[in-house]
4 protein chains.
Amino acid sequence: MKAQSSEGVVRFSVSVPKELAKQLDRMAREKGYDNRSLAVADMIRAHLVEHRQNFGDQEIAGTITLLYDHHKQHVQAALTDIQHDHHTAIVSTLHVHLDHDNCLEVLVVRGKAGLIKRIADKLIAAKGVKHGKLTVTSTGRDLPT
Amino acid sequence: MKAQSSEGVVRFSVSVPKELAKQLDRMAREKGYDNRSLAVADMIRAHLVEHRQNFGDQEIAGTITLLYDHHKQHVQAALTDIQHDHHTAIVSTLHVHLDHDNCLEVLVVRGKAGLIKRIADKLIAAKGVKHGKLTVTSTGRDLPT
Amino acid sequence: MKAQSSEGVVRFSVSVPKELAKQLDRMAREKGYDNRSLAVADMIRAHLVEHRQNFGDQEIAGTITLLYDHHKQHVQAALTDIQHDHHTAIVSTLHVHLDHDNCLEVLVVRGKAGLIKRIADKLIAAKGVKHGKLTVTSTGRDLPT
Amino acid sequence: MKAQSSEGVVRFSVSVPKELAKQLDRMAREKGYDNRSLAVADMIRAHLVEHRQNFGDQEIAGTITLLYDHHKQHVQAALTDIQHDHHTAIVSTLHVHLDHDNCLEVLVVRGKAGLIKRIADKLIAAKGVKHGKLTVTSTGRDLPT
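Position numbers for residues start from 1 in each chain and track the written sequence from start to end. For naming, the first written chain is A and the first written ligand is 1, with later ones following in the order written. With the structure being a predicted model, the display of local features is reserved for residues of pLDDT at least 70 and the display and counting of side-chain atom pairs for 80 or more, all residues being used for whole-chain, interface and lining totals. As a rule here, side-chain values cover all heavy atoms of the structure and leave hydrogens and water aside.

With respect to the overall build of chain A
Rules: Secondary structure is summarised from DSSP: a helix means a run of H or I of at least four residues, a strand means a run of E of at least two, and numbering begins at the N terminus for each. Our radius of gyration is a C-alpha quantity, and the globule rule it is checked against amounts to 2.2 Å times the number of residues to the power 0.38. All accessible areas in this document rest on Shrake-Rupley with a 1.4 Å probe, and a residue is counted as covered only by the protein chains that are shown.
Per the secondary structure count, chain A includes 4 helices and 6 strands. The C-alpha atoms of chain A give 20 Å as radius of gyration, which overshoots the globular expectation for 145 residues (15 Å, by more than 25%). In terms of its C-alpha atoms, chain A occupies a principal-axis envelope of roughly 60 × 30 × 25 Å. For chain A, the accessible surface area stands at approximately 6200 Å², while carbon and sulfur atoms represent 47% of it.

Given below as structure tokens:
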């Protein structure tokens with residue numbers, strides 16, 4: 001690596017199209033980063049998190065977001081059954097009553113990537129769920145700052 | 001920008017934690033990139049696509065997931081300040097203590113898409129946040145089942 | 001009030017049985033207070049919170065804790081119906097799957113004391129709820145520190 | 001104790017915020033106490049009763065409710081440190097931003113009763129916490145329905 005190391009930090013250079021570099025700088029400013037390096041470091045970490053979730057054995061943390069109408073026959077019972085079947089992987093669930101009909105449920109999950117994906121798939125496929133999404137992050141141990 | 005331009009390409013340098021640079025190189029190899037610059041350029045483009053998504057006036061619900069080390073100087077105070085500045089848009093926040101160092105924080109948010117995006121950007125760019133993600137869903141009213 | 005004021009703090013003296021004072025000091029130590037005044041101030045605030053919840057019009061914040069077996073016929077649907085009927089008073093609900101059968105649900109509530117009590121009564125009385133409790137605190141505005 | 005004893009009674013002085021002293025006097029009047037000392041003595045006794053409740057080895061679940069002003073110096077860092085020291089007993093924490101200043105934090109806890117009580121004591125005694133309360137329930141296993 002052509003990089004100067006100092007106290008755990010390395011400096012390396014990259015070549016990118018001029019216009020892309022300009023847009024990177026504008027985006028970093030708009031997002032509120034103090035400098036370009038901090039923005040690039042955040043991008044690398046974000047891509048590492050996504051890259052690793054493809055390995056089923058990797059321990060991950062994350063959230064499963066579910067939107068549903070609690071009046072739909074049995075949707076809530078179905079969701080709770082699935083969740084209790086996997087209660088060791090589901091740390092806790094935050095439920096927000098959006099209005100008289102709509103529920104937003106956010107599960108904090110933790111476990112092997114493969115298992116977490118299967119749980120998310122089951123929940124999102126459950127009848128009555130309008131929209132669902134698995135958001136993967138890391139447990140933080142393998143993500144340097 | 002302190003960078004040498006040649007034929008539409010610029011060269012600039014970034015400083016990142018040593019271990020992060022190593023993991024970047026491993027990931028770039030695993031993904032089949034010829035060199036690190038090509039990998040970083042792709043990351044920038046991917047983030048630009050997300051950043052440019054049109055966040056307008058429509059009312060959305062969603063979550064902001066944040067991973068951070070609570071020992072990092074001031075990170076928690078900074079996050080709380082930003083959250084209280086926008087306390088009407090943040091319904092509630094679920095905090096999970098992953099281990100002695102790492103915190104997973106999930107904010108349930110609700111409001112105009114543009115505002116939610118700006119809040120997420122600020123939180124994710126805050127120094128000490130290792131990984132953050134905005135997950136958008138609907139308030140359910142405009143989503144038929 | 002026979003008390004010396006200095007920068008928003010007043011000093012006043014109280015007479016209590018000798019043995020009670022000794023036990024107060026021991027308890028303050030055991031609970032980790034730096035000094036007796038801090039312990040007494042906390043006690044006063046705790047009693048103010050309880051005292052005020054008797055006024056139905058007072059704005060309070062608080063939690064409703066519910067323990068139930070989600071397999072019991074309809075308990076969850078009943079709880080959700082009640083919660084959605086009062087979705088403006090219920091900020092959000094945290095659900096923890098204790099084991100295959102038992103659920104712990106914590107509702108964060110906010111509103112007039114009288115209404116909050118009625119909601120808690122209904123939820124706790126619902127068939128299938130093993131144990132329930134309303135914990136009242138203040139919204140913080142009227143509680144000096 | 002710097003206090004004058006006479007016939008089994010001791011006199012000692014405490015320092016509390018001015019506004020809190022005023023509210024104490026109003027509450028004492030409303031509750032029908034002849035003087036402030038009698039009201040304070042009753043509060044101490046009430047807290048002793050709670051403090052002495054036998055918290056043993058049995059496994060409990062419960063919540064710790066905390067109200068605080070996040071602007072108070074270091075209160076949040078202190079609370080997070082205590083929580084991470086006991087992260088195995090704290091399942092998750094729900095945080096609600098009540099207004100620009102006040103935070104309501106609800107911890108779902110699980111573990112041996114004695115440990116849970118000690119964690120609650122530490123958190124509630126932390127400087128800057130306006131009001132705190134431990135609400136105990138069962139894990140549901142030993143509670144027949």
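Okay, back to it.
Some remarks on the relation of the copies chain D and chain B
Inclusion rule: The least-squares superposition of copies is restricted to C-alpha atoms, and to residues with a pLDDT of at least 70 in both copies. In this description, contact between two residues means that some pair of their heavy atoms is separated by no more than 4.5 Å.
The transformation that overlays chain D on chain B combines an axial shift of 0.0 Å with a rotation of 180 degrees, and the residual RMSD is 0.0 Å. Expressed as an axis order, the relation between the two copies is that of a two-fold axis. When C-alpha distances to the rotation axis are compared across chain D, the minimum falls at Leu94 of chain D, with a value of 2.2 Å. When you check the interface residues of chain D against chain B, 100% turn up at the interface there too, and the contact is symmetric in its surfaces.

Looking at the environment of His51 of chain A
Along the chain, His51 of chain A turns up in helix α2 (residues 36-52). Discounting residues that sit within four places of it in the chain, His51 of chain A has contacts with Met27, Glu30 and Lys31 of chain B.

Overview of the interface of chain A and chain B
Cut-off, in case you're wondering: Put simply, buried area is the surface a 1.4 Å probe can reach on two separate parts but cannot reach once they are joined, added for both. The term salt bridge refers to a side-chain nitrogen of Lys or Arg lying within 4 Å of a carboxyl oxygen of Asp or Glu.
Counting from both sides, the interface comprises 71 residues of chain A and, opposite them, 68 residues of chain B. When chain A packs against chain B, the two sides together hide about 7100 Å² of surface, and 65% of this comes from carbon and sulfur. Among the residues chain A hides against chain B, the three largest losses belong to Phe12, Val14 and Lys31 of chain A. Together they make up 9% of the total. The interface formed by chain A and chain B holds 3 salt bridges in total. Across the pair Lys133 of chain B and Glu50 of chain A runs a salt bridge, and its minimum N-O distance is 3.5 Å.

Focus on the environment of Lys112 of chain D
Residues and elements named next belong to chain D. To be explicit about the condition: Each residue gets one of three labels from its accessible area relative to the maximum for its type: buried under 20%, exposed over 50%, partly exposed in between, using a 1.4 Å probe on protein chains only.
On the secondary structure map, Lys112 appears in strand β5 (residues 102-112). Judged by its relative accessible area of 44%, Lys112 is partly exposed. For Lys112, the contacting residues outside a window of four places in its chain are Gly56, Asp57 and Gln58.

Comments concerning the interface of chain D and chain B
Worth spelling out the cut-off: Think of a polar contact as two N or O atoms within 3.5 Å of one another; within protein, one of them needs to be a possible hydrogen donor and the other a possible acceptor, and neighboring residues in sequence only count if both atoms come from side chains. Three classes are used: nonpolar for Ala, Val, Leu, Ile, Met, Phe, Trp, Tyr, Cys and Pro, charged for Asp, Glu, Lys and Arg, and polar for all others, with Gly counted as polar. Strands are labelled as partners when DSSP assigns at least two bridges between them.
Counting from both sides, the interface comprises 24 residues of chain D and, opposite them, 24 residues of chain B. Together, the buried faces of chain D and chain B total about 1800 Å²; carbon and sulfur atoms form 53% of this surface. When the buried area of chain D at its contact with chain B is split by residue, His84, His87 and His97 of chain D rank highest and sum to 35% of it. The interface formed by chain D and chain B holds 0 salt bridges in total. Linking chain D to chain B there are 16 residue pairs in polar contact (both at pLDDT 80 or more). Mapped onto the side of chain D that touches chain B, the elements with two or more residues apiece are α3 (75-85), β4 (90-97) and β5 of chain D. Sort the elements by how many residues they give to the side of chain D that touches chain B and β4 of chain D lands first, with 8 residues. Looking at the side of chain D that touches chain B, its residues break down into 7 nonpolar, 13 polar and 4 charged. As paired strands, strand β4 (residues 90-97) of chain B and β4 of chain D are joined by 3 bridges and run antiparallel to one another. For His95 of chain B, the partnering residue across the bridge sits in β4 of chain D and is Thr93 of chain D.

Focus on the packing of helix α1 (residues 18-31) of chain A against helix α2 (residues 36-52) of chain B
So the rule is basically this: Note on method: axes are straight lines fitted to C-alpha atoms, helices fitted across the in-contact stretch only, with angles between N-to-C directions ranging 0 to 180 degrees. Orientation labels follow simple angle bins: below 35 degrees gives roughly parallel, above 145 gives roughly antiparallel, 65 to 115 gives roughly perpendicular, and whatever is left gives oblique. Helix crossings get a hand from a simple test, with the near helix turned counterclockwise from the far one by less than a right angle marking a left-handed crossing and a clockwise turn marking a right-handed one.
Contact geometry of α1 of chain A with α2 of chain B gives a least axis separation of 10 Å together with a crossing angle of 50 degrees. By the angle between their directions, the pair α1 of chain A and α2 of chain B is classed as oblique. Relative to α2 of chain B, α1 of chain A is oriented so that their crossing is left-handed. Contacts between α1 of chain A and α2 of chain B pair Leu20, Gln23, Leu24, Met27, Glu30 and Lys31 of chain A from the former with Ala41, Ile44, Arg45, His47, Leu48, His51 and Arg52 of chain B from the latter. A breakdown of the residues in the contact of α1 of chain A with α2 of chain B according to their chemical character gives 6 nonpolar, 3 polar and 4 charged.

What to know about a positive patch on the surface
Put simply, the rule reads: Patch membership requires more than 30% relative accessible area and the absence of a salt bridge. Residues of like charge join within 9 Å; the nonpolar side chains Val, Leu, Ile, Met, Phe, Trp and Tyr join within 5 Å. A residue counts as positive if it is Lys or Arg and as negative if it is Asp or Glu; His and the chain ends are not included. Charge positions are represented by NZ for Lys, CZ for Arg, CG for Asp and CD for Glu.
A cluster of basic side chains, namely Lys18, Lys22, Arg26 and Arg29 of chain A together with Arg52 of chain B, defines a positive patch on the protein surface. Here the positive patch gets 4 residues from one element, more than from any other, and that element is α1 of chain A. One can find Arg29 of chain A in helix α1.

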